[in-house]
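Structural characterization, general
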Amino acid sequence: SEAAMVKAVEDAAREGDSLGGIVEVIAYGVPVGLGSHVHWDRKIDANLAQAIMSIQAVKGVEIGDGFEVAGRRGSQAHDPIEWDASTSSYRRLSALAGGTEGGMTTGEPVIVRAAMKPLATLNRPTLQTVDVVTKESTVSFKERTDVTAVPALGVVVETMVALVLASEAQRKFGGDSLGEFVANAGAFRETLR
């Protein structure tokens, strides 16, 4: 809950410590077929992971329920598909794969999570280190630091996800202007009907 998060931040601040955390970004309205199922360097989930891992202090990336489904049996780890006659389209009954399959988007919402480690600079000298001159064991200096950068991480991850999806949409739909790009994307959508 929000109250529990605020309390955790306040407690860590009082103790001169720092916190990490996990953010989730969900992209809605993503077209089907962004990425590639044959090119290793164009797989959408790989490009999302690379972009997110390039953010300072991010130590883990999850597409959908990636880490949780790793412990499941195969019969319980995949997104069932059904035909929706009312919209004349396929849809998945769950989002375990986070809107991707085989390196491409499925048309379902794309779900990405990023894990950020706690900031290394602390407001109390407790982290063991070594004096580079004497080589003796010591503790780190007290430094001014934020308790957590996780709220800012959410904005940065959202931006990186948008950049990756926009780049792949531009590759797929092309065009020299926004109008041409939108027309190409619209024509593609019509072919799916």
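All of the points below concern the structure found in this document.

A word on the pairing of strand E3 (residues 81-84). Consecutive side chains of a regular strand alternate in pointing toward one face of the sheet and then the other. Sheet topology note: the E3/strand E4 (residues 89-92) ladder contains four bridges and is antiparallel. Each residue of the ladder has a partner; that of Glu 82, found in E4, is Arg 91. The loop that links E3 with its antiparallel partner E4 comprises four residues; one of these, Ser 88, has a positive phi angle of about 50°.

Turning our attention to the pairing of strand E7 (residues 110-116). Counting buried positions along E7 gives six out of seven residues, so the element sits mostly inside the fold. In this sheet, E7 lies alongside strand E1 (residues 21-27) in antiparallel orientation, the contact comprising seven bridges. For Ile 26, the partnering residue across the bridge sits in E7 and is Ile 111.

With 28 residues, the main nonpolar core has Leu 48, Ile 52, Val 112, Leu 153, Val 157 and Val 161 as its most contacted residues. Ranked by the residues each element gives to this core, the list is headed by helix H4 (residues 150-173), at eight residues. Beyond its immediate stretch of four places on either side in the chain, Leu 153 contacts Val 23, Ile 55, Val 58, Ala 114 and Met 116.

Now for helix H1 (residues 2-14). For H1, spanning 13 residues, the distance from its first C-alpha to its last is 18 Å, which sits close to the expected 18 Å at 1.5 Å a residue. In the stretch just after H1, Gly 16 is the one whose phi turns positive, near 70°.

Spacing of three or four residues puts side chains on the same side of an α-helix, whose turn is 3.6 residues. Looking at helix H2 (residues 44-53), one finds that the buried residues are Ile 44, Asn 47, Leu 48, Ala 51 and Ile 52. All buried residues of H2 project into a common sector of 130° when viewed along the axis, lining one side. Looking at the buried residues of H2, the elements they touch are strand E2 (58-63), strand E5 (100-101), strand E6 (104-105), E7 and H4.

What counts, and at which threshold
Residues numbered from 1 in each chain as written. Predicted model: local features only at pLDDT ≥ 70, side-chain atom pairs only at ≥ 80, totals over all residues. Heavy atoms only, no water. Pairing = 2+ DSSP bridges. Helix = DSSP H or I, 4+ residues; strand = E, 2+ residues; numbered from the N terminus. Buried < 20%, exposed > 50% of the residue type's maximum accessible area, 1.4 Å probe, protein only. Core = buried A, V, L, I, M, F, W, Y, C linked by side-chain atoms within 4.5 Å. Contact = heavy atoms within 4.5 Å. Expected span 1.5 Å × (residues − 1). Arc of directions from axis to C-beta.

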